[in-house]
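Here are the chains, one letter per residue:
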Amino acid sequence: MWPGALLTLLLCSSLEAQENSFTINSINMVILPSHEVQNGNNLTLQCNVDISTTSHVRLQHWVLFYKDDVLFHNVSSTEMTESYIIPQARVYDSGTYKCTVILNNKVKTTPEYEVLVRGVPSPRVVLDKKEVIEGGVVMINCSVPEEKGPVHFAIAKVNLETKDTKLKRKKSSPNQNSVTLEFTVEEQERLIYFQCQASILSMRDMETSEVTKSDMVTVREFFSSPKLYVYPEGPILEGTPMHINCTIQVAHVAVAFPEIIIQRDKMIVAHSREGSRATYSEIATVEHNGNYTCKVETSQISKVSSIVVNVTELFSKPKLETSATRLDQGDTLHLWCTTSGASADNFTIQKGDVIVSQTNSFLKRASQEDSGTYTCVAGIGKVFKKSNAVRITVCEMLSKPRIFYNSKTEVIKGRTIKVNCQSINGTLPISYHLLKATDILESRIVGSNTPAVFEDNPTEDAAYQCKASNCHSNSEMTSELLLVKVIAPVAEVKLLILNNKMVESGTEIVLRCFVNKVSGPIMYKFYREKEVNPIHEVSSNDTQAFWYMEEAGVEQGGQYYCTASNRANLLPNIPKSNILTVKVFLAPWKKGLIAVAVIGVIIALLVLGARCYFRKKAKAKQMPVEMSRPAVPLLTSNNEKVLSDSGPEASRPYGYNDDIGNHATKPINENKEPLTLDVEYTEVEVNSLEPHEGLGRKGTETVYSEIRKVNPGRQQPWSPAPPDPQSHGHQNLNSNKFPDVSDADNI
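What comes next is a walk through the structure. Values in this document were obtained by computation on a predicted structure and should not be read as measured data.

The rules behind each value
- Numbering of residues begins from 1 in every chain and follows the order in which that chain's sequence is written.
- Where local features are concerned, this predicted model is filtered to residues with pLDDT of at least 70; where side-chain atom pairs are given and counted, the filter is 80 or more; whole-chain, interface and lining totals use all residues.
- Only heavy atoms go into the side-chain values, all of them from the structure, while hydrogens and water stay out.
- Helix numbering and strand numbering both begin at the N terminus, where a helix is a DSSP run of H or I of at least 4 residues and a strand a DSSP run of E of at least 2.
- Exposure classes here rest on a 1.4 Å probe applied to the protein chains alone. A residue is buried below 20% of its type maximum, exposed above 50%, and partly exposed in between.
- Contact definition: two residues touch when any of their heavy atoms are within 4.5 Å.
- Any two cysteine sulfur atoms within 2.5 Å of one another count as a disulfide.
- We define a polar contact as two N or O atoms separated by no more than 3.5 Å, with the added condition that, inside protein, one atom must be a possible hydrogen donor and the other a possible acceptor, whereas residues neighbouring each other in sequence contribute only through side-chain atom pairs.
- One side-chain nitrogen of Lys or Arg within 4 Å of one carboxyl oxygen of Asp or Glu is enough to make a salt bridge.
- Two strands qualify as a pair provided that DSSP identifies no fewer than 2 bridges between them.
- Lines fitted to C-alpha atoms define the axes, with helix axes restricted to the stretch in contact, and inter-axis angles between N-to-C directions lie between 0 and 180 degrees.
- Nonpolar side chains (Val, Leu, Ile, Met, Phe, Trp, Tyr) within 5 Å and like charges within 9 Å form the patches, drawn only from residues with over 30% relative accessible area and no salt bridge.
- Accessible surface is estimated by sampling points in the Shrake-Rupley manner with a 1.4 Å probe; for residues, cover comes only from the protein chains shown.
- Aromatic contacts are taken between Phe, Tyr and Trp rings whose centres are within 6.5 Å, Trp giving its six-membered ring; a plane angle under 30 degrees counts as stacked, one over 60 as edge-to-face, and the others as tilted.
- Geometrically, a lysine NZ or arginine CZ counts as sitting over a ring once it is within 6 Å of the ring centre and also within 35 degrees of the ring normal.

1. Some points on the overall build of the protein
Now for step 1: Tallying secondary structure elements over the protein gives two helices and 59 strands in all.
Now for step 2: Counting only residues that meet the buried cut, the protein has 36% of its 747 residues in that class.

Next comes the structure, spelled out in structure tokens:
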């Protein structure tokens with residue numbers, strides 16, 4: 001509705017203003033009676049506007065009022081002054097105010113004016129009851145109806161008799177102007193009232209109201225203060241029956257009785273939850289001296305009263321003494337009990353709850369079973385007093401400690417070994433010391449008969465010894481010496497050659513595989529690189545092993561390595577040595593021999609080639625001569641011709657072939673077994689007397705005749721019959737008839 005009306009007015013004002021000229025000269029706000037006003041007084045906001053116009057009538061304009069930039073009032077007016085009245089200003093009216101005038105399309109606003117409302121109305125206090133029992137609860141409502149939240153309240157409970165503030169509580173109400181709190185009424189409060197005060201934040205300051213008092217509240221007792229009575233009255237002698245009573249009075253409206261507790265110092269000696277009395281009765285002794293307190297309590301109230309009780313001592317507390325608290329087994333145990341004052345007529349000495357003597361003395365030879373706590377009880381009539389406790393320890397001598405370890409497995413270097421020390425007999429606890437060589441390795445106290453277990457990581461053979469001691473006065477007991485053999489695994493292997501890595505063939509190769517100091521036996525294995533099986537292996541207790549090759553050949557050259565292991569090395573962690581390269585070269589004399597052999601073979605090949613060459617050349621020259629010669633008969637020793645056959649071939653020369661015309665010769669032994677012949681060459685002179693037997697030359701011609709010696713006992717293929725033994729010898733070379741033998745082998 002307001003936006004529509006404002007729009008209509010603006011349109012009307014615009015139409016009127018379009019016909020006339022106007023201007024807003026000024027605008028201001030006046031706050032009455034002042035910028036600070038007391039809570040409950042009226043507050044007037046006056047907005048003054050000065051407008052100049054050519055019109056003869058006043059122009060219609062809007063006046064708008066703002067608080068903290070929020071529009072809270074607007075009015076259409078033709079007057080130069082418009083006012084807004086706030087009746088009975090409250091703290092929540094404090095703030096910054098301004099006004100704005102709107103005429104046609106012209107707007108002008110005043111500066112902001114700060115308004116403070118001082119003071120807060122007195123709060124109202126309302127109680128839910130005016131009479132209450134101790135421990136009861138009172139509900140208090142405190143409010144400021146004229147104000148708006150947030151409001152901060154402070155409420156206090158005041159004792160009317162002492163004017164002391166017993167309890168003060170604060171509470172804020174962010175959205176309301178009231179709070180409700182509960183207050184518990186405590187003991188010994190008779191008349192009480194409550195006070196309430198309200199505070200509100202106004203701009204920068206906190207405005208606080210006057211303190212408002214509530215009505216009086218009467219408090220009735222739930223129960224009276226406790227009273228203590230001691231019987232008999234006056235001095236009390238030990239042995240006299242003593243009674244301490246605590247009584248109270250309870251209100252008739254009570255539904256249940258409170259709890260009554262009697263304490264001596266801080267120890268509760270009697271209590272009751274039924275009725276109005278609690279009683280503590282005892283035969284008086286000096287232990288009953290002290291301050292007795294009676295407390296009566298409910299969930300909310302506690303009342304206390306006290307009294308001091310003195311009991312006269314009849315005789316002193318007995319004192320138990322001993323010759324020694326620590327005894328060796330077999331020593332004398334002596335205990336005695338004494339008192340001062342009246343002589344006690346009854347003594348007992350006890351070990352725990354067992355009576356060991358009914359006199360004031362106890363004497364015996366100590367055994368381990370006598371260890372324990374002893375007390376003495378002395379009495380006169382009905383008064384019995386217990387002495388101090390004496391702790392007796394009887395030490396049994398330790399047996400010789402036994403030292404051992406798990407010997408089923410071998411001790412590997414660096415691994416943990418558990419050494420056990422145990423004394424079977426002896427008083428506990430037992431202190432064990434493990435010695436390694438002469439040094440104390442570790443100490444341990446054991447409170448049972450189980451062995452003391454020590455751990456060590458030996459790296460070499462070790463000797464352990466155990467010492468045990470307890471409370472016995474004798475010196476400590478020492479065990480036997482425990483020798484532990486430690487197997488050191490092979491960690492590093494090296495391979496060396498004892499001579500030069502360049503080895504002459506025919507000389508020896510010696511490889512040395514060695515390790516550091518380890519436990520034997522050690523398995524050494526020598527390998528050639530890329531071979532699976534070892535070339536040599538040996539087991540030895542020594543830290544080195546050798547492989548010999550007496551006469552090395554070139555084939556022994558190559559790369560070698562070795563491995564070494566003992567029982568402590570587990571597969572596949574077998575250490576491997578470095579790789580050693582060995583080169584084998586030929587000896588100089590062998591190189592020379594080979595060179596000579598090669599040269600000899602070359603020479604033999606050359607000689608053989610030359611021989612073949614000259615033979616072929618000689619045969620080529622003799623072929624024309626042989627074609628024209630008749631066959632030469634063999635002569636016997638009588639210069640007679642020997643004909644091998646009467647056939648056509650008899651007239652052919654030796655070695656003749658039908659292929660002679662083709663310049664080819666065929667040996668007579670072709671396709672036959674080779675002959676074993678001794679050949680001799682003889683120079684003979686042939687006389688060419690008959691023209692048909694020569695080549696047309698006269699005179700004497702020198703030729704070389706090949707005389708073959710037949711292997712004895714074998715008939716030659718060209719001989720028809722065995723030779724005459726008497727004609728065996730050289731042929732007669734002076735015969736005039738000697739065939740041409742130029743077709744024989746020549747050199």
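2. Describing the side chain of Ser214
Now for step 1: Assignment of secondary structure puts Ser214 in the loop between strand E18 (212-213) and strand E19 (217-220).
Now for step 2: Among residues more than four places away in sequence, those in contact with Ser214 are Val125, Leu127, Tyr193 and Phe194.

3. Focus: the state of the cysteines
Every disulfide links exactly two cysteines, by a covalent bond between their sulfur atoms.
Now for step 1: Under the counting rule described, the total for this entry stands at seven disulfides.
Now for step 2: Between the sulfur of Cys246 and that of Cys294 lies a disulfide, 1.6 Å long from S to S. Residues Cys246 and Cys294 share a disulfide whose torsion about the S-S bond is about -75°; that sign makes it left-handed. Remark: Cys294 occurs in strand E26 (residues 290-297) and Cys246 occurs in strand E22 (residues 241-247); sequence separation between them is 48 residues.
Now for step 3: Each sulfur in the disulfide pair Cys395 and Cys471 lies 1.4 Å from the other.

4. Some details on the side chain of Ser305
Now for step 1: Looking at the secondary structure, you find Ser305 in strand E27 (residues 302-309).
Now for step 2: Looking at Ser305, its side chain comes within polar contact range of the main-chain oxygen of Pro226, at 3.0 Å.
Now for step 3: In contact with Ser305, other than residues within four places in its own chain, are Pro226, Lys227, Leu228, Tyr292, Thr293 and Cys294.

5. What about the pattern of salt bridges?
Now for step 1: Counted under the stated rule, the structure contains 21 salt bridges.
Now for step 2: Glu189 is the partner of Lys157 in a salt bridge, and the nearest nitrogen-oxygen pair spans 3.2 Å. Of this pair, Lys157 sits in strand E13 (residues 151-159) while Glu189 sits in the loop between strand E15 (178-184) and strand E16 (191-202), and the two are 32 residues apart along the sequence. As far as burial versus exposure is concerned, Lys157 and Glu189 are alike and both buried.
Now for step 3: In this structure, Lys385 engages Glu313 in a salt bridge whose closest nitrogen and oxygen atoms are separated by 3.5 Å. Of this pair, Lys385 sits in strand E36 (residues 383-386) while Glu313 sits in the loop between strand E28 (311-312) and strand E29 (319-322), placing them 72 residues apart in sequence.
Now for step 4: Judged by its relative accessible area of 41%, Glu313 is partly exposed.

6. Digging into the sheet that holds strand E12 (residues 137-143)
Now for step 1: Taken together, the three strands give an open sheet; going across it, the order is E10-E12-E15, and neighbouring strands pair in antiparallel fashion. What marks the edges here is a single partner per strand, and that holds for strand E10 (124-127) and E15. The average angle at which neighbouring strand axes cross in this sheet is 20°, direction not considered.
Now for step 2: As paired elements, E12 and E15 share seven bridges and run antiparallel to each other. The residue of E15 that forms the bridge with Val138 is Phe183.

7. As for a nonpolar patch on the surface
Now for step 1: Taken together, the side chains of Val554, Leu586, Ile594, Val598, Ile602 and Leu606 make up a nonpolar region of the molecular surface, amounting to roughly 520 Å² of accessible area.
Now for step 2: Positionally, Leu586 belongs in the loop between strand E55 (580-585) and helix H2 (588-628).
Now for step 3: Given the relative accessible area of 33%, Leu586 is considered partly exposed.

8. Regarding the environment of Leu320
Now for step 1: Relative to the helices and strands, Leu320 resides in strand E29.
Now for step 2: For the pair Leu320 and Val390, spaced 70 residues apart in sequence, the C-alpha to C-alpha distance is 7.1 Å.
Now for step 3: For Leu320, the contacting residues outside a window of four places in its chain are Leu335, Trp336, Cys337, Ile349, Tyr374, Thr375, Cys376, Ser387, Asn388 and Val390.

9. Section: the packing of aromatic side chains
Now for step 1: The final tally for this structure, using the stated rule, is twelve aromatic pairs.
Now for step 2: Ring geometry for Phe65 against Tyr84: centres 6.3 Å apart, planes inclined by 35°, an arrangement best described as tilted. Of this pair, Phe65 sits in strand E4 (residues 61-67) while Tyr84 sits in strand E6 (residues 81-86), and the two are 19 residues apart along the sequence.
Now for step 3: When the ring centre of Phe22 is taken as reference, the NZ or CZ atom of Lys106 above it lies at 4.7 Å.
Now for step 4: The cationic tip of Lys148 hangs over the ring face of Tyr92; the distance from NZ or CZ to the ring centre is 4.7 Å.

10. What about the sheet that holds strand E34 (residues 361-365)?
Now for step 1: Here we have three strands laid out as an open sheet, ordered E29-E31-E34, and antiparallel in their pairing. The sheet is open, and its two edges are formed by E29 and E34, each paired on a single side. Taking the axes of each pair of neighbouring strands and ignoring which way they run, one obtains an average angle of 10° across the sheet.
Now for step 2: Here four bridges tie E29 to strand E31 (residues 332-338), and the two strands are oriented antiparallel to one another. Within the sheet, the bridge partner assigned to Lys319 lies in E31 and is Thr338.

11. Some details on the pairing of strand E20 (residues 227-231)
Now for step 1: Here E20 shows a clear split, with Leu228 and Val230 buried on one side and none of Lys227, Tyr229 and Tyr231 buried on the other.
Now for step 2: Of the pairings in the sheet, the one linking E20 to E22 comprises five bridges and is antiparallel in character. Bridging from a neighbouring strand, Val230 pairs with Ile244 of E22.

12. Concerning the environment of Thr339
Now for step 1: If you trace the backbone, Thr339 turns up in the loop between E31 and strand E32 (346-351).
Now for step 2: For the pair Thr339 and Phe315, spaced 24 residues apart in sequence, the C-alpha separation works out to 6.9 Å.
Now for step 3: Non-local contacts of Thr339, meaning those with residues more than four positions away in its chain, are made with Phe315, Ser316, Pro318, Ala344, Phe347 and Ala378.

13. Digging into unusual backbone geometry
Now for step 1: With an omega of 5°, the peptide bond running from Leu32 to Pro33 counts as cis.
Now for step 2: Structurally, Pro33 can be placed in the loop between strand E1 (22-32) and strand E2 (36-38).
Now for step 3: Even without glycine at this site, Asn104 takes up a positive phi of about 55°.
Now for step 4: Along the polypeptide, Asn104 turns up in the loop between strand E7 (95-103) and strand E8 (106-109).
Now for step 5: Positioned with a positive phi, Asp265 is a non-glycine residue whose angle comes to about 55°.
Now for step 6: Within the secondary structure, Asp265 sits in the loop between strand E23 (259-264) and strand E24 (267-272).

14. Brief notes about the pairing of strand E42 (residues 439-446)
Now for step 1: Summarising the sheet, strand E41 (residues 430-436) and E42 pair through seven bridges and their orientation is antiparallel. Of the residues in E42, the one forming a bridge with Tyr432 is Arg444.
Now for step 2: Linking two consecutive strands that pair antiparallel, namely E41 and E42, is a turn of two residues; a positive phi of about 65° is found at Ala437 within it.

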